[in-house]
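A structural walkthrough
For reference, the chains in residue letters:
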Amino acid sequence: VNRLINQMRYLARDAVLSRESLPLGQLLEEAFKEAHKHQPARTAKLQFEHGGQPVVLAGDRAALRHALSEVLLNAIQANPADARIKIKATTDNDGQGQEWVHIDVADNGAGFTPEAAQKVPTPFFTTRTAGLGLGLCVARKVIETHHGRLSILAQTQGQSNSVRISLPVTAAPAAN
């Protein structure tokens, strides 16, 4: 019930309530722990690749952690018996001076059908027998509130779909 209440709160928000510097690696660890509480798969493993460069976001810690945990929960649920989640973070510039981080979340599940991939972020759409179909919808809303995008990347040979979260980056503070 608490998770559903939080989901409704995030769906109702149209603005970022607080803004702080958030190291991406730490945020992902917190989100993974949160997701693991809702789907306690014993063998769930998380692998995070970031190219050796620390990425710092600016935003509402609780909201972004919730959005990432919804995506990670979906990944765990794709193969709860042996969940393997691979996250790859890359950065680029959009040509207008804005730096972006692209967070690709891949799992070892069967993936979405092409039809389901188009409907996934729609409220109350689910491919599972349990759940309300709000997780990725809520994640998309939080990401968009942070001026980002959530998309489903097409399957590549030998791999299932990936969820891509693109968010604007805040430069890491200079070391003193």
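Focus on the layout of surface pockets
- Estimates place the volume of the largest pocket at around 400 Å³.
- Forming the boundary of the largest pocket are 20 residues, of which Gln77, Leu132, Gly133, Leu134 and Gly135 lie nearest the centre.
- Contributions of two or more residues to the lining of the largest pocket are made by helix H1 (2–12), helix H3 (61–77) and helix H5 (135–145).
- The element best represented in the lining of the largest pocket is H3, accounting for 4 residues.
- The computed volume of the second largest pocket comes to approximately 240 Å³.
- Every residue lining the second largest pocket is counted, 17 residues in all, and those nearest its centre are Asn74, Ala78, Gly111, Phe112 and Arg128.
- No other element matches the 3 residues that H3 contributes to the lining of the second largest pocket.

Structural notes on the nonpolar core
- Residues Val101 and Ile165 are the most contacted members of the largest nonpolar core, which totals 43 residues.
- At the level of elements, helix H2 (24–38), H3, strand E4 (84–93), strand E5 (99–107), helix H4 (114–119), H5, strand E6 (149–153) and strand E7 (162–168) are the ones that each hand at least two residues to this core.
- Per element, the largest residue contribution to this core is 9 residues, and it comes from H3.

Thoughts on the pattern of salt bridges
- For the coordinates displayed, the defined rule picks out 10 salt bridges.
- The closest approach of N and O atoms between Glu20 and Arg61, which form a salt bridge, is 3.5 Å. Of the two residues, Glu20 sits in strand E1 (residues 20–23) while Arg61 sits in helix H3, which places them 41 residues apart along the sequence.
- With a shortest N-O distance of 3.6 Å, Lys37 and Glu34 are connected by a salt bridge.

Thresholds applied
Residues numbered from 1 in each chain as written. Predicted model: local features only at pLDDT ≥ 70, side-chain atom pairs only at ≥ 80, totals over all residues. Heavy atoms only, no water. 1 Å grid on protein atoms, 1.4 Å probe; cavity = no way out; pocket = protein on both sides within 12 Å on 5 of 7 lines; lining within 4 Å. Points joined across faces, edges and corners; volume = space filled by probe spheres on them. Helix = DSSP H or I, 4+ residues; strand = E, 2+ residues; numbered from the N terminus. Core = buried A, V, L, I, M, F, W, Y, C linked by side-chain atoms within 4.5 Å. Buried < 20%, exposed > 50% of the residue type's maximum accessible area, 1.4 Å probe, protein only. Salt bridge = Lys/Arg side-chain N within 4 Å of Asp/Glu carboxyl O.

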